[in-house]
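Observations on chain architecture
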Amino acid sequence: MLHFNRCPHLKQIAQKCFPSVHVRTDKHVQLFLSRTFALAEFRKSWHSTRSLVGDKNIILMGPPGAGKTTVGRIIGQKLGCCVIDVDDDILEKTWNMSVSEKLQDVGNEQFLEEEGKAVLNFSASGSVISLTGSNPMHDASMWHLKKNGIIVYLDVPLIDLVSRLKFMKVDRIVGQNAGTSMKDLLKFRRQYYKKWYDTRVFCESGASPEEVADKVLNAVKRYQDVDSETFISTRHNWPKDCEQKVSTKFFSEAVIEGLASDGGLFVPEKEFPKLNCREWKSLVGATYIERAQILLEKCIHPADIPAARLGEMIETAYGENFACSKIAPVRHLSGNQFILELFHGPTGSFKDLSLQLLPHLFAHCIPPSCNYMILVATSGDTGSAVLNGFSRINKNHKQRIAVATFFPENGVSDFQKAQIIGSQKENGWAVGVKSDFDFCQTAIKRIFKDSDFTGFLIMEHGTILSSANSINWGRLLPQVVYHASAYLDLVSQGFISFGSPVDVCIPTGNFGNILAAVYAKMMGIPIRKFICASNQNHVLTDFIKTGHYDLRERKITPTFSPSIDILKASNLERHLHMMANKDGGLMTKLFNQLEEQQHFQIDKMLVEKLQQDFVADWCSERECLAAIHSTYSTSGYILDPHTAVAKVVADRMRDKTCPVIVASTAHYSKFAPAIMQALKIKEINHTSSSQLYLLSSYNALPPPHEALLERMKQQKKMEYQVCAADVDVLKNHVEKLIQNQFI
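Since this is a predicted model, take the numbers as computed values, not measurements.

**Overview of the overall build of the chain**
- Within the chain, the secondary structure is distributed over 34 helices and 21 strands.
- Burial status across the chain gives 60% buried among its 743 residues.
- If you take every contact in the chain between residues at least 6 apart in sequence, the share linking residues at least 24 apart comes to 76%.

Below, the structure is given as structure tokens:
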């Protein structure tokens, strides 16, 4: 605990952060300020305990056939340090017999114990140690090794391992019994490797030992360099004096703060990590979870979230919560069009792909002893997804993390509204606002920027505000995975070969989903064009065509696709910032002008740069319904209204030279009245539940969403709050919710 009387400079910091708030020696202020210092001390400690200088070891771990011994020798040569092979230098010298003889002599279980004891009696420093394939199956010995080294997991594709072992004439490994195939045993062993590693080296097919050795050294260097992966605000002004320190945040800070203090959005200071062609090809046969682990580990530094812990979160997020084992499957629709189904999560929309993971990331990143209130604006799907996601964190975290989701009272579908209200739990509430989504989103941003109010909440209630909208980097990042995974699935299914370009067409409102596709391209996925599909609220389409973002005399028009009934696309700022070479001053100018004058114009050079990758068009309500009807008539597939918007635009833009992946962002069940109108079903005036059951009886594709049907069965009248479209009124609601939850 930090105290003002011991650290008087803290009071000055508090006064600087909250100039209008009377600073007291209050325990909540101390807790808040302690957070910054605690994070700094943690990273300082991380660096001091993870440095290779002195007595630390590089420990190579992986299955038999991973090349640990060969790679270890190459690294030892490069570093000029001792190389220890556990098989040759420890086990055989301890036992005075070969490893195979020992295994034959004592059997599988006893062998693991004998092997573990031998490692426990061993110590080394400043060395490269190549483990056996079975070392990770003995906990005590692995803890012993981990205390003094960095464990590097050589992750080799299964097909390569089996091929190598066959070439080496290895027909039995530890733990293999009669009737167990080598492939099955190697799969089983993966759980042990995932448990122990500090950093992973993805050894793609065809990588030479020298290439793997270089990857190991780069991975260790990254692991040590805890300050190498930082985030800046899109409105950050680079100092003219190159010696002046740049204001940056770590991943964990960007996640828990949500929005930058200057009103900008957090973005990586450096470029996205990129996979080479062979690495991508090695992921073609991987599962969605395996792809997510590889990609997100490259984007999240282990000092923020240890790789093994991140893997556990990913498995939890995308495990039993999704109705389809492929998580985000790609389905061929017709011609060169494919549907990316993003609605198999528990609430039936693409938001689940990030909001089943974000709560676990958030809970891990928060410092001890602080409470967090997460404010969310929703245009329909985010509300239920965020409430569902944060209801799944453990009980201890629920006591410290609460969610308030604000939705336009009359601006979402009846089903979406019922779903949001019905998703309220002990740590999550729904608040209807008598306005549109843009007001909800703008109001939350204003609340975040109000230092008097946020300071008051910290001092009086010990609570810090954060966000789970796509303005939060931890919410946006997981979306990159499904765009990459969709491309890999097309390769896996034989529709394209790796390297062939594809277009992506995405129903776009807040620009987050399509921006995630841009990031997937930056990581190496060959996307040719990003097709922005708008409904009648087509401000983004107009902007992409003209470079003029104009909200003057424009009001949101309610449509059949309410989740993209948005005029202020927050994530556009991130993309413009990247195109403008991270010119924070320009972003501040443009978006302040948008706030004050309701429009801005980017220069010709930026317009041309934008149009190199982006095309856009919009779809009328009549065209939307017609697309739903014609697609069902020709293929038996029911599109939700948002996907129908994208289908119309994709059809219009199609040049037949390139496959098009159309993002299906929600299950049609959530928009039953529009679907029934499109399919010319007369029983339109039925209740939401009867409409849902009627549609499910059509035996169409995709199949009925069981979680949504179950939700309708369980739906009971739940109370929720409604408030006026006034920022001060929203503040009062926020304070009352905090008092109810934490006081």
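Once the structure has been displayed, the description carries forward.
**Details of the pattern of salt bridges**
- Applying the stated criterion across every chain, the model contains 34 salt bridges.
- Across the salt bridge formed by Asp651 and Lys647, the nearest N and O atoms sit 2.9 Å from each other. In this pair, Asp651 and Lys647 both sit in helix 30 (residues 641-653), four residues apart, roughly one turn of the helix.
- Among the charged side chains, a network of salt bridges with common partners joins Glu204, Glu211, Lys215, Arg278 and Glu279.

**Details of the sheet that holds strand 6 (residues 230-233)**
- In spatial order, the strands read 7-6-8; together these three strands make up an open sheet with antiparallel pairing. Each edge of the sheet is formed by a strand with only one pairing partner; in this case those strands are strand 7 (249-250) and strand 8 (266-268).
- As paired elements, strand 6 and strand 8 share three bridges and run antiparallel to each other. Paired with Phe231 across the bridge in strand 8 is Pro268.

**Thoughts on the environment of Asp85**
- In this structure, Asp85 sits in strand 2 (residues 82-85).
- Each C-alpha atom, one on Asp85 and one on Leu60, is 9.6 Å from the other, the two residues being 25 residues apart in sequence.
- If we ignore the near neighbours within four places in the chain, the residues touching Asp85 are Thr69, Ile90 and Ser130.
- In terms of polar contacts, Asp85 uses its side chain to reach the backbone amide nitrogen of Asp88, at 2.9 Å.

**Things to note about the pairing of strand 14 (residues 463-467)**
- Counting buried residues along strand 14, five of its five residues qualify, which places the element largely inside the surrounding structure.
- With burial as the criterion, each face of strand 14 is covered, one bearing Thr463, Leu465 and Ser467 and the other bearing Ile464 and Ser466.
- Taken together, the five bridges between strand 11 (residues 371-377) and strand 14 define a ladder with parallel strand orientation. Residue Leu375 lies in a different strand from strand 14, and its bridge partner there is Ser467.

**Quick notes on the sheet that holds strand 16 (residues 527-534)**
- With mixed pairing, the six strands of this open sheet are ordered in space as 9-10-20-15-16-19. In this open sheet, the two strands that pair with only one neighbour each are strand 9 (330-334) and strand 19 (614-618). Each neighbouring strand pair of the sheet contributes to a mean axis angle of 25 degrees, computed without reference to strand direction.

**Section: helix 30**
- The terminal C-alpha atoms of helix 30 lie 18 Å apart, and with 13 residues this matches the ideal 18 Å at 1.5 Å per residue to within 8%.
- The buried count for helix 30 comes to ten of 13 residues, which makes it a mostly enclosed element.
- For helix 30, the set of buried residues is Pro641, His642, Thr643, Ala644, Val645, Ala646, Lys647, Val648, Val649 and Ala650.

**Concerning the environment of Val162**
- Looking at the secondary structure, you find Val162 in helix 8 (residues 158-167).
- Between the C-alpha atoms of Val162 and Gly65, which are 97 residues apart in sequence, the distance is 7.9 Å.
- Not counting residues within four places of it along the chain, the set of residues in contact with Val162 comprises Lys183 and Leu186.

**Brief notes about the packing of helix 29 (residues 621-635) against helix 30**
- Axis separation between helix 29 and helix 30 bottoms out at 8 Å; the angle between their running directions is 90 degrees. The angle between the axes of helix 29 and helix 30 places the two elements in the roughly perpendicular class. Note on element contacts: helix 30 touches helix 29 through Pro641, Ala644, Val645, Lys647, Val648 and Arg652, opposite Glu623, Cys624, Ala627, Ile628 and Thr631.
- A per-class count over the contact of helix 29 with helix 30 returns seven nonpolar, one polar and three charged.

**Quick notes on the packing of helix 17 (residues 381-390) against helix 19 (residues 414-422)**
- The geometry of helix 17 relative to helix 19 is characterised by a closest axis approach of 8 Å and an angle of 25 degrees between their N-to-C directions. The angle between the axes of helix 17 and helix 19 places the two elements in the roughly parallel class. In this structure, helix 17 crosses over helix 19, and the sense of that crossing is left-handed. Where helix 17 abuts helix 19, its residues Asp381, Gly383, Ser384 and Leu387 lie against Gln416, Gln419 and Ile420.

**Digging into the environment of Phe415**
- Residue position: Phe415 is located in helix 19.
- The spacing of Phe415 and Phe671 is 256 residues in sequence and 6.9 Å in space, taken between C-alpha atoms.
- With residues up to four places along the chain from it excluded, the contact list for Phe415 reads Ser669, Lys670, Leu692, Leu708 and Met712.

**Structural notes on the nonpolar core**
- Judged by nonpolar contacts, the single largest core of 119 residues is most densely connected at Trp280, Tyr318 and Tyr549.
- Element by element, the count of residues in this core is highest for helix 23 (residues 479-492), at nine residues.
- Excluding residues within four positions of it along the chain, Tyr549 makes contact with Val539, Leu540, Phe543, Leu567, Lys568, Ala569, Leu572, Leu594, Gln598, His599 and Phe600.
- Membership of the second largest hydrophobic core comes to 32 residues, among which are Ile531, Ile564, Cys619 and Tyr668.

**Thoughts on the confidence of the model for the chain**
- Per-residue pLDDT for the chain has a mean of 89; in total, 90% of the residues score no lower than 70.
- This stretch, residues 1-29, has a pLDDT under 50; its non-local contacts, to residues over four places away or in other chains, come to 52 contacts.
- In this model, residues 47-53 is a region of pLDDT below 50 whose contacts with residues beyond four sequence positions or in other chains number twelve contacts.

**Points about helix 9 (residues 182-196)**
- Compared with an ideal rise of 1.5 Å per residue, which puts 15 residues at 21 Å, helix 9 spans 22 Å between its outermost C-alpha atoms and is within 8% of the ideal.
- For helix 9, the principal kink sits at Arg189 and spans about 25 degrees.
- Here helix 9 has its buried residues at Met182, Leu185, Leu186, Arg189, Arg190, Tyr193 and Trp196.
- On its buried face, helix 9 is in contact with strand 1 (57-61), helix 7 (139-146), strand 4 (149-155), helix 8 and helix 13 (288-299).

**A closer look at the side chain of Glu573**
- As for its position among the elements, Glu573 is in helix 26 (residues 572-579).
- A residue is classified by how much of its surface remains accessible, and Glu573, at 2% relative accessible area, is buried.
- Ignoring anything within four residues of it in the chain, the contact list for Glu573 reads Thr234, Arg235, Gly264, Leu265, Met587 and Phe591.

**Re the UniProt feature "modified residue: N6-(pyridoxal phosphate)lysine" (unreviewed entry) in the chain**
- Here the UniProt-annotated "modified residue: N6-(pyridoxal phosphate)lysine" (unreviewed entry) positions come out as Lys351.
- The residue Lys351 is located in the loop between strand 10 (337-341) and helix 15 (352-355) in this model.
- Residues within four places of Lys351 in sequence aside, it is in contact with Asp381, Thr382, Ala385 and Arg475.

**Regarding the pairing of strand 1**
- Among the five residues that make up strand 1, five are buried, leaving the element largely enclosed by the rest of the structure.
- What you see with strand 1 is no split at all: Asn57, Ile59 and Met61 on one side and Ile58 and Leu60 on the other are buried throughout.
- With five bridges joining them, strand 1 and strand 4 adopt parallel strand pairing. Its bridge partner being in strand 4, Ile58 is matched across the sheet by Ile150.
- Of the strand pairs in this sheet, strand 1 and strand 3 (residues 127-130) are connected by three bridges, and their pairing is parallel. Residue pairing in the sheet places Ile58 in a bridge with Val128 of strand 3.

**Looking at the packing of aromatic side chains**
- Counted under the stated rule, the structure contains 24 aromatic pairs.
- Ring centres 5.4 Å apart and planes at 45 degrees place the aromatic pair Tyr153 and Tyr197 in the tilted group. Separated by 44 residues along the polypeptide, Tyr153 in strand 4 and Tyr197 in the loop between helix 9 and strand 5 (199-202) bring together distant segments of the chain.
- In this structure Tyr197 comes out as buried when scored by relative accessible area, which is 4%.
- Taken together, a centroid distance of 4.6 Å and an interplanar angle of 20 degrees make the contact between Phe272 and Tyr519 stacked. Separated by 247 residues along the polypeptide, Phe272 in the loop between strand 8 and helix 12 (277-282) and Tyr519 in helix 24 (residues 512-522) bring together distant segments of the chain. Tyr519 carries the same exposure label as Phe272, and that label is buried.
- Through a chain of ring-to-ring contacts, the aromatic side chains of Phe231, Phe251, Phe272, Trp473 and Tyr519 assemble into a single cluster.

What counts and what doesn't
- Residues numbered from 1 in each chain as written.
- Predicted model: local features only at pLDDT ≥ 70, side-chain atom pairs only at ≥ 80, totals over all residues.
- Heavy atoms only, no water.
- Helix = DSSP H or I, 4+ residues; strand = E, 2+ residues; numbered from the N terminus.
- Buried < 20%, exposed > 50% of the residue type's maximum accessible area, 1.4 Å probe, protein only.
- Contact = heavy atoms within 4.5 Å.
- Salt bridge = Lys/Arg side-chain N within 4 Å of Asp/Glu carboxyl O.
- Pairing = 2+ DSSP bridges.
- Polar contact = N/O pair within 3.5 Å; in protein donor to acceptor, adjacent residues only side chain to side chain.
- Axes fitted to C-alpha atoms, helices over the stretch in contact; angles between N-to-C directions.
- Expected span 1.5 Å × (residues − 1).
- Parallel < 35°, antiparallel > 145°, perpendicular 65-115°, else oblique.
- Nonpolar A, V, L, I, M, F, W, Y, C, P; charged D, E, K, R; others polar.
- Left-handed = near helix turned anticlockwise from the far one by under 90°.
- Core = buried A, V, L, I, M, F, W, Y, C linked by side-chain atoms within 4.5 Å.
- pLDDT = per-residue confidence, 0-100.
- Bend = angle between axes of the 7 residues up to and from the residue.
- UniProt positions renumbered as here; feature names shortened; annotations may be inferred.
- Phe/Tyr/Trp six-rings, centres within 6.5 Å; stacked < 30°, edge-to-face > 60°.

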